[in-house]
Amino acid sequence: YNPADFYIKTLVESPVSTGYGYDNVSQNNFTASREAGVHCTEFQQITSFCSVGYETIRHNLREEVLDTINDTNNKFPNSNDMLVDKSSNIGVLKELYHLSWRNLKIIMRNPALNHIRLLQHVFVAVMCSLAFFQLEPDKEKDMAGTLFLMVVLTSLFGLFNNIQVIPTELPLFAREYRSGAYYILTWFFSKVFTEIPASAVLPLIFNTVCFFAVFEVANAVKFAYIWLICYLTVQASTAVAFFASVLGWTPLNALALSPAFYAPSFIFSGQFILIENVREYMEIFQILSFLRYGHEGAIIVFFGHYGGDTYAQNGNATIATLTMDEDALWNKDLPALVGITGMYYILALILLYTRTHFRI
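Residues numbered from 1 in each chain as written. Predicted model: local features only at pLDDT ≥ 70, side-chain atom pairs only at ≥ 80, totals over all residues. Heavy atoms only, no water.

Caption draft 1: Representation of the overall build of the protein within the structure. Looking only at helices and strands, the protein features 16 helices and 0 strands. Intrachain contacts of the protein at a sequence separation of at least 6 include 77% that bridge at least 24 residues. Carbon and sulfur atoms provide 62% of the accessible area of the protein, an area that totals close to 19000 Å². (Helix = DSSP H or I, 4+ residues; strand = E, 2+ residues; numbered from the N terminus. Contact = heavy atoms within 4.5 Å. Areas by Shrake-Rupley, 256 points an atom, 1.4 Å probe, with all protein chains shown as cover.)

Caption draft 2: Structural detail: the packing of helix α6 (residues 111-131) against helix α7 (residues 140-162). In the contact formed by α6 and α7, the axes pass within 12 Å of each other and the chain directions differ by 160°. Classified by the interaxial angle, the pair formed by α6 and α7 is roughly antiparallel. Pair α6 / α7 crosses with right-handed handedness. Side by side, α6 and α7 meet where Arg117, Gln120, His121, Val124 and Cys128 of the first sit next to Leu149, Leu153, Phe157 and Asn161 of the second. (Axes fitted to C-alpha atoms, helices over the stretch in contact; angles between N-to-C directions. Parallel < 35°, antiparallel > 145°, perpendicular 65-115°, else oblique. Left-handed = near helix turned anticlockwise from the far one by under 90°.)

Caption draft 3: Highlighting helix α5 (residues 92-108). Given a rise of 1.5 Å per residue, 17 residues ought to cover 24 Å, and the 24 Å separating the end C-alpha atoms of α5 matches this to within 8%. Within α5, burial applies to Glu95, Leu96, Leu99, Ser100 and Asn103. Seen from one end, α5 has its buried residues packed into an arc of 125°, which puts them on one side. In α5, the exposed positions that point more than 90 degrees away from the buried face belong to Leu93, Tyr97 and Met108. Considering only its buried residues, α5 is in contact with α9 (184-194). (Expected span 1.5 Å × (residues − 1). Buried < 20%, exposed > 50% of the residue type's maximum accessible area, 1.4 Å probe, protein only. Arc of directions from axis to C-beta.)

Caption draft 4: Quick peek at empty space enclosed by the protein. Summed over the entire model, instances satisfying the criterion amount to 3 cavities of 30 Å³ or more. Each pocket or cavity is described by its volume, and for the largest cavity that value is around 90 Å³. Where the lining of the largest cavity is concerned, the elements lending two or more residues are α6, α7 and α10 (196-214). Ranked by residues supplied to the lining of the largest cavity, first place goes to α7 with 5 residues. (1 Å grid on protein atoms, 1.4 Å probe; cavity = no way out; pocket = protein on both sides within 12 Å on 5 of 7 lines; lining within 4 Å. Points joined across faces, edges and corners; volume = space filled by probe spheres on them.)

Caption draft 5: Highlighting the environment of phenylalanine 132. Mapping phenylalanine 132 onto the fold places it in the loop between α6 and α7. For the pair formed by phenylalanine 132 and alanine 213, sequence separation is 81 residues and the distance between their alpha carbons is 8.2 Å. Contact partners of phenylalanine 132, with chain neighbours within four places excluded, come to Asp142, Thr146, Leu149 and Val214.

Caption draft 6: Seen up close, the state of the cysteines. This model, assessed by the stated rule, comprises 0 disulfides. We note that cysteine 210 lacks a disulfide partner, and the nearest cysteine sulfur, in cysteine 128, lies 4.5 Å from it. Take cysteine 210: its relative accessible area is 1%, and that puts it in the buried class. In this model cysteine 230 remains outside any disulfide bridge; the closest cysteine sulfur is found in cysteine 210, 9.4 Å from its own. (Disulfide = S-S within 2.5 Å.)

Caption draft 7: Geometry of the pattern of salt bridges. This model, assessed by the stated rule, comprises 4 salt bridges. The residue arginine 102 makes a salt bridge to glutamate 176 at a minimum N-O spacing of 2.9 Å. Residue arginine 102 is located in helix α5, and its partner glutamate 176 is located in helix α8 (residues 170-178); the two are separated by 74 residues in the primary sequence. Taking relative accessible area as the criterion, glutamate 176 reaches 17% and is therefore assigned buried. (Salt bridge = Lys/Arg side-chain N within 4 Å of Asp/Glu carboxyl O.)

Caption draft 8: The arrangement of the nonpolar core in detail. Leu147 and Phe188 are the most contacted members of the largest nonpolar core, which totals 73 residues. At 14 residues, the largest contribution of residues to this core is made by helix α11 (residues 220-248). If we ignore the near neighbours within four places in the chain, the residues touching phenylalanine 188 are Ile166, Phe242, Tyr345, Ala348, Leu349 and Leu352. (Core = buried A, V, L, I, M, F, W, Y, C linked by side-chain atoms within 4.5 Å.)

Caption draft 9: Quick peek at the environment of glutamine 271. Tracing the sequence through the fold places glutamine 271 in the loop between α12 (251-267) and α13 (283-287). Note on glutamine 271: relative accessible area 30%, which makes it partly exposed. Distance in space between the C-alpha atoms of glutamine 271 and arginine 292 is 8.3 Å, their sequence separation being 21 residues. Once residues within four sequence positions are removed from consideration, glutamine 271 is found in contact with Phe148 and His295. Side-chain polar atoms of glutamine 271 contact the side chain of histidine 295, separated by 3.2 Å. (Polar contact = N/O pair within 3.5 Å; in protein donor to acceptor, adjacent residues only side chain to side chain.)

Caption draft 10: Layout of the packing of aromatic side chains. Summed over all chains, the structure comprises 26 aromatic pairs. Aromatic pair phenylalanine 211 and phenylalanine 212: ring centres 5.3 Å apart, planes at 80°, arrangement edge-to-face. Here phenylalanine 211 falls in the buried class, since its relative accessible area comes to 1%. Take phenylalanine 212: its relative accessible area is 35%, and that puts it in the partly exposed class. Between tryptophan 227 and tyrosine 231, the ring centres sit 5.9 Å apart and the planes meet at 20°, which makes this aromatic pair stacked. Taken together, the residues span about one helical turn, with tryptophan 227 and tyrosine 231 both in helix α11 at a distance of 4 residues. The buried category is assigned to tyrosine 231, whose relative accessible area is 16%. What links up through ring pairs into an aromatic cluster is the set Phe211, Phe212, Phe215, Phe223, Phe302 and Phe303. (Phe/Tyr/Trp six-rings, centres within 6.5 Å; stacked < 30°, edge-to-face > 60°.)

Here it is in structure tokens:
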């Protein structure tokens, strides 16, 4: 909305009914109105316009606005011309540094949101710990359920905590980018890098509370593996959130799109349908399911030989029952999580570039 239109429109209203009018014009316009033959002494009690003074004021104000617009157009190039011709020459790395630092300041200026994120992880972790507290060695099914929840809940937090990161700053991004402030690439990856600390620390807190409260034998190596798997799963869900947010373009649309991307990954995670029982025409959803690889990796680490033997009585049998391969951690699961994360980030970046340049 143009501020000049607001002032011009304001002068159309009656001074008594709106509180605006002659009392709010500049001294020059006031002098012009007196020279035009307007003799009004008490402006607060005016009940009708003095037509000559009004036309003089409106004419002067419009001339001032037009002069300002002309000066602005002469000083600055058209925004469409600036769209692809970037004027900044400070370098990509320096742009990335300054944008990342600004994003960190934005996060630090909202401590209430940071406290809420921390509390939600602690609260849900305590709930899971109380529900599965100190499982006995023969409770393999409950152990597998706990591992599944650890992967799913941390990824859900990553999805919903980042689904509105891009849409809320798109107006500022569009204005700064069209003025030649930075590249799309640096702005996008500054957002990605800023979210890395939270993606690492919050799952660590959640897993620390859950893992050592649920499982009787505390194995530090298995705990580190499971934290790594949860961290990579959170990164994948964050990448999905970025893609959905760029596709939706507005906070509400992005939030509405998020279940469409998360639900297939949840269904084909291997917890509800065994991996080998998935129909051929649905395998593409299983291949793109980041929860499938996170869930499988956690099961393999805990019930397998990573970090020593598990205290579960039938660890190998549990892996076989879920039709998982014990050697798939480094050969498939971890590389797949990294690949899916990179794929969604690249798709989000391409879509952001396309929508910015072609106004799709």
